Amino acid sequence: MSTDTRPTAPPRRAAPIAPRARRTGRPRRSLGNPVAGIGSLIWLVIVLVPLYTLVSASLMRQDEALNGDPLAIPTDPTLENYGTVLNSGFLTLIGNTAIVAVATVAIVLVLSVPVAYVAVRTRSRLSSLAFRTFLLGVAIPAQAVIVPLYLMIGEMGLYDTLWAIILPTAAFAMPVAVLVLSGTMRDVSEEMYEAMALDGASSVRMLWQLAVPMSKAGISTVAIFSALQAWNGFLFPLILTQSEEQRVLTLGLFNFMSQFGVNIPAVLAAIVLSVIPIFAVYLVARRALIDGLMGVGGK
């Protein structure tokens, strides 16, 4: 048996990989989304131009506001318009509105937090029916019940008082508050409730030590929503109050427009002063408000 004695060819070596050419210059930066940037800039202009016009015109004199350019910078800025407004009982309007807003928020939170907790943790038909009843209140406008509400307030002896504004405002804010808080409390995991139940915690303890701390974003959202609704309410103060001592900000601005009908800068100064408090509240709690509206909850 013969064997092949021919020499075998050596294995071929792989061709060396040429090193990559080093890039010279700085790395390219991503420009992001130019369409979104342009859209944001346009939206910023749309929001800021009316605010600038409002503040600028409130610093003008009457003749300059009527004859000048509304977008022009005031040639002789003055705070006389703000003094006119403050000397016309504006502080009383701010005080009454603050009382209405704080009382409305307190009532809504005290009542809506337990109701939302029961709706989430209880599986009975009664709790389900109560929750659906609250949701039905979202579809009922205040204008549809203003006449029976007027009669009820009169029978209770609350007409021409701040309670005549507080109670209906809180009642109409409750459906949205329960809806938001129930969605927020559902984000709390079932394991946490079970762990506290194994430790012997009662339902009240689980509410205040678990559900409420984990639902801070939803509670902040409800508080801001209720405060805005109370601050900007006009129908209830118009129908359910009469005297000057019980007037709130929106009704006072309406009267300012008739009292200073030809004094445009004074009316705009009153609007600027009315926006500042609620805008400050929004700046403080804007992050919690956004989280609550996005459904993040307390996580």
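It should be noted that the structure appears before, not after, this text.
Attention here is on the structure that accompanies the text.

**Let's talk about the overall build of the chain**
At step 1: Within the chain one finds 13 helices and 0 strands.
At step 2: The order of α-helices and β-strands along the chain, N terminus first, is α-α-α-α-α-α-α-α-α-α-α-α-α.
At step 3: By residue count, 34% of the 299 residues in the chain fall in the buried class.
At step 4: Contacts in the chain between residues at least 24 apart in sequence constitute 74% of all its contacts with a sequence separation of at least 6.
At step 5: Just so you have it, the chain exposes about 19600 Å², and 66% of that area is on carbon and sulfur atoms.

**Digging into unusual backbone geometry**
At step 1: Of note, the phi angle at Asp160 is positive, near 65°, even though the residue is not glycine.
At step 2: Structurally, Asp160 is set in the loop between α6 (146-155) and α7 (163-185).

**Remarks on the pattern of salt bridges**
At step 1: This model, assessed by the stated rule, comprises 4 salt bridges.
At step 2: Between Glu80 and Arg61 there is a salt bridge, and its shortest N-O distance comes to 3.3 Å. Here Arg61 lies in the loop between α1 (34-58) and α2 (62-67) and Glu80 lies in helix α3 (residues 80-86), a separation of 19 residues in the sequence.
At step 3: The partner of Arg247 in a salt bridge is Glu244, with the nearest N and O atoms 3.0 Å apart.
At step 4: What makes Arg247 buried here is its relative accessible area of 18%.
At step 5: Residue class for Glu244 comes out exposed when judged on its relative accessible area of 52%.
At step 6: The structure contains a network of salt bridges with shared partners spanning Arg61, Asp76 and Glu80.

**Details of α1**
At step 1: Here α1 contains 25 residues, and its C-alpha end-to-end distance of 36 Å stays within 8% of the 36 Å for a straight helix at 1.5 Å per residue.
At step 2: Of the positions making up α1, those classed as buried are Leu54, Ser56, Ala57 and Ser58.

Criteria and cut-off values
- Residues numbered from 1 in each chain as written.
- Predicted model: local features only at pLDDT ≥ 70, side-chain atom pairs only at ≥ 80, totals over all residues.
- Heavy atoms only, no water.
- Helix = DSSP H or I, 4+ residues; strand = E, 2+ residues; numbered from the N terminus.
- Buried < 20%, exposed > 50% of the residue type's maximum accessible area, 1.4 Å probe, protein only.
- Contact = heavy atoms within 4.5 Å.
- Areas by Shrake-Rupley, 256 points an atom, 1.4 Å probe, with all protein chains shown as cover.
- Salt bridge = Lys/Arg side-chain N within 4 Å of Asp/Glu carboxyl O.
- Expected span 1.5 Å × (residues − 1).

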